[in-house]
Amino acid sequence: NVPECIGDSATLPCKTLEYVTQQLGKTTTNINILIDTDINLQGMAVFRSLNNITITGEGISVHCVCNAMETVSENCGMLFENSKNIVLDGVSIYNCSNMDDTPGDKYLYRSAVVFNGSTNTNISNVKVSNSYGYGVVITHATGFINISHSHFTNNSLDKNSVYYGGGGLLIYMTCSPACLLN
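Definitions and cut-offs
- Residue positions are given per chain, counted from 1 along the sequence in the order it is written.
- Only residues with pLDDT of at least 70 get local features here, since the model is predicted, and only at 80 or more are side-chain atom pairs given and counted; chain-wide, interface and lining totals rely on the full set of residues.
- To get the side-chain values, all heavy atoms of the structure are used, and hydrogens and water are removed first.
- By convention in these notes, a salt bridge is any Lys or Arg side-chain nitrogen within 4 Å of a carboxyl oxygen on Asp or Glu.
- Note on conventions: DSSP H or I runs of at least 4 residues are helices, E runs of at least 2 residues are strands, and numbering of each starts at the N terminus.
- Buried residues are those whose accessible area, probed at 1.4 Å on protein chains only, stays under 20% of the maximum for their type, while exposed residues exceed 50% and partly exposed ones sit between those limits.
- The contact definition used throughout considers only heavy atoms, calling two residues in contact when any of these lie within 4.5 Å.
- Any pair of cysteine sulfurs within 2.5 Å is marked as a disulfide.

Trainee: Can you lay out the pattern of salt bridges for me, pointing to particular residues and giving the numbers?
Mentor: Evaluated as defined, the whole model comprises one salt bridge. When the shortest N-O distance is used, the salt bridge between R48 and E81 registers 2.7 Å. Pair noted here: R48 is in strand β3 (residues 44-48) and E81 is in strand β5 (residues 77-81), with a separation of 33 residues, a long-range link. R48 sits in the partly exposed class, given a relative accessible area of 47%.

Written as structure tokens, this is what we have:
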């Protein structure tokens, strides 16, 4: 059984993103996640190969609890990978950092939220702040990217970092060798 906080008829709020990501193996399409309380995230919330995923926070905060700023090998944040039709709405995300180490990419980025290989991404009423690296990194995207009423502030790296980052938003556009010929 899929819990009541996930699915088309979600009636109860999910209490932790860790719980949500553990349950996602039970469904891969039409996932509506309602969160109504602040969350401490102690690792990665990974949303991989999903279709029609909506995370609604209605003003809640996700606070990452990790040492990613001191220990660059530790990751905490959110990763949406190879997913379609993503909506992230009404969530504030603080103190996160995870490394985007997409195979074949030339650069290493740290950011709070990574969208990699996603199709049709809608970010609204989202705030990402005080994270190590970028607030949001979007790589290898297709379809549309819609960002509205969102703020990405006070996200930075220390001056000796080997990573790229520091700032609000990075959209890293790539294309296949065939598109280079056009």
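Trainee: Could you give an account of the side chain of T121, with specific residues and numbers?
Mentor: Position of T121 among the secondary structure elements: in strand β9 (residues 119-124). The exposure class of T121 is buried, given its relative accessible area of 0%. Excluding anything up to four places from it in sequence, T121 contacts I86, F115, F144, I145 and N146.

Trainee: Any chance you could break down the state of the cysteines for me, citing the residues and the numbers?
Mentor: Enumeration over the complete set of coordinates arrives at one disulfide. C64 shares a disulfide with C96; S-S distance 1.9 Å. On the sign convention where negative is left-handed, the bridge of C64 and C96, at about 80 degrees about the S-S bond, is right-handed. In this pair, C64 is assigned in strand β4 (residues 51-64) and C96 in the loop between β6 (84-94) and β7 (98-100), connecting sequence segments 32 residues apart. Judged by its relative accessible area of 7%, C64 falls in the buried class.

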